[in-house]
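Structural features, examined
Here's the letter readout for the chains.
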Amino acid sequence: MKIIKVNLKEKSYDIIISDGTITGSAGIIKKSGLGNYAYIITHRSIKDRYGRLLEKTLKKNGIDFKFKLLPETEKTKSIHTAIRVIEDIVKTGKSKKIFLVAFGGGVIGDLTGFVASIYKRGIPYIQVPTTLLAQVDASIGGKTAVDLKEAKNIIGAFYQPRLVLSDISLLQSLDARQMRAGLAEIIKYGIIKDKILFDFLAQNRKNILAKNKKALEFIIARSSSIKARIVEKDEKEEKGLRTILNFGHTFAHAIESGSGYRKYNHGEAVAIGMVCALEMSHRLKILDKHKLEKATTLIRSYGLPIKIKGVALKDILTPLYYDKKFIGKRTRFVLVKDIGRAVTKENIPIPLARRIIADRFK
Ligand SMILES: NC(=O)c1ccc[n+]([C@@H]2O[C@H](COP(=O)([O-])OP(=O)(O)OC[C@H]3O[C@@H](n4cnc5c(N)ncnc54)[C@H](O)[C@@H]3O)[C@@H](O)[C@H]2O)c1
Ligand SMILES: [Zn+2]
């Protein structure tokens, strides 16, 4: 078992990572004094598979609970769903000390955090992430959000969970494509901040893809702790330090949006985006060719795409020009100097970004 503390003064919390965290966690939930009623937000398939684990643990500790089931789609992250959920909490919650449990992937996590942040001006919530992506990324750092049809994650708040319970045993049912989506973010952590993690990923690919629990625990703990350290230094993304987590993401968002969020999932778009950012680092003479190839080979070796297919170039270039991370007219990209060392660079000419994207079609 690995316990990673996110140090945010009175908002500090633990991330607990192990094979069987849920069953071993009731004591911790109770000790945290979150409340006496767990309102668990999840999907039917997750409740059917793993609901009993949570149920048993809560019962043992005298915590009452209810499961709220929501559809398995990004559309669940809407203001309408948030309001429907809050109406249900109001009905359920009379004379109870309620806390919320996000029991699912990033969709459930973002929605639950958002509801927790606005209901009665904020009630406690915990994250029980069930996808690899949510365990290493979405459940940590308190970014909560719902989407509008005009833009993803446009309504939300920074609102930290009180506890993150990452149970590796839940990942056994995750399909290969979803696993790879999480692995793309883990490779990202290796490239921007952690050479040991990068080398481990290169040397243990078979074990990781076979979901060996020790290997998964290692890469999840390493990634979670990188995110935790960055979040504690720049909780609300005001100091520019959190920016390095966006490595590959400027390109990725353009690819996702340009392909109508259909052709590539987020992790796949991040994989191509990271190759673009690595290429840019090389063309700006920041990163040598050998390291560019080493990082690209690692991304490809995990079955992630490194080229763009089935999308029109112009559809990808348009969103790139409107990226919200570009301050005024200045462009800003996260680049790498070395494996494990990221830097932020401004004023990079857009035509270079455009050429790099165009080359991904070859
Ligand atoms: N808040 C943040 O910092 C942050 C960071 C990254 C991503 N996100 C958000 O996270 C969302 C994506 O999250 P995601 O990739 O976890 O996708 P998701 O939540 O949509 O889950 C993907 C699919 O996997 C299924 N699933 C979940 N757990 C499973 C399990 N254990 N076994 C089998 N199937 C399972 C889900 O039902 C769903 O169909 C996006 O909305 C994104 O904006 C937020
Ligand atoms: Zn991402």
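Only a predicted model underlies this, so the values are computations on that prediction, with no experimental measurement involved.

1. Observations concerning the coordination of the zinc ion (ligand 2)
Distances from the zinc ion (ligand 2) to its protein donors, Glu 185 (OE), His 249 (NE2) and His 266 (NE2), fall at 2.0 to 2.1 Å. Counting residues between consecutive donors of the zinc ion (ligand 2) along the chain gives the motif E-x63-H-x16-H. Here Glu 185 is found in helix 6 (residues 176-193), whereas its partner His 249 is found in helix 10 (residues 249-258), with 64 residues between them in sequence.

2. Focus on the packing of aromatic side chains
Scanning all chains against the criterion turns up four aromatic pairs. An angle of 75° between the planes, with centres 5.9 Å apart, marks the rings of Phe 65 and Phe 67 as edge-to-face. What makes Phe 65 buried here is its relative accessible area of 17%. When its relative accessible area of 14% is taken as the criterion, Phe 67 is described as buried.

3. Considerations on the domain arrangement of the protein
The domains assigned to the protein are domain 1 (2-174) and domain 2 (178-362). Computed from C-alpha coordinates alone, the two centres of domain 1 and domain 2 are separated by 27 Å. Listed per partner, the contact involves 29 residues of domain 1 and 29 residues of domain 2. Both faces considered, domain 1 and domain 2 share a buried interface measuring about 2,700 Å² in area, 63% of it formed by carbon and sulfur atoms. On the domain 1 side of the contact with domain 2, Leu 132, Val 136 and Phe 158 bury the most area, a combined 22% of that side's loss. Put simply, domain 1 and domain 2 have five salt bridges between them. The partner of Asp 137 in a salt bridge is Lys 227, and the shortest N-O contact between them spans 2.8 Å. Counting across the interface, domain 1 meets domain 2 through 14 residue pairs in polar contact (both at pLDDT 80 or more). When contributions to the side of domain 1 that touches domain 2 are tallied by element, the ones reaching two or more residues are strand 1 (2-6), strand 2 (13-18) and helix 5 (132-138). At five residues, the largest contribution of residues to the side of domain 1 that touches domain 2 is made by helix 5.

What counts as what
- Residues numbered from 1 in each chain as written.
- Chains lettered and ligands numbered in written order.
- Predicted model: local features only at pLDDT ≥ 70, side-chain atom pairs only at ≥ 80, totals over all residues.
- Heavy atoms only, no water.
- Donors = N, O, S within 2.8 Å, 3.2 Å for Na, K, Ca; no water.
- Helix = DSSP H or I, 4+ residues; strand = E, 2+ residues; numbered from the N terminus.
- Phe/Tyr/Trp six-rings, centres within 6.5 Å; stacked < 30°, edge-to-face > 60°.
- Buried < 20%, exposed > 50% of the residue type's maximum accessible area, 1.4 Å probe, protein only.
- Domains from an automatic or database assignment.
- Contact = heavy atoms within 4.5 Å.
- Buried area = accessible area lost by both parts, 1.4 Å probe.
- Salt bridge = Lys/Arg side-chain N within 4 Å of Asp/Glu carboxyl O.
- Polar contact = N/O pair within 3.5 Å; in protein donor to acceptor, adjacent residues only side chain to side chain.

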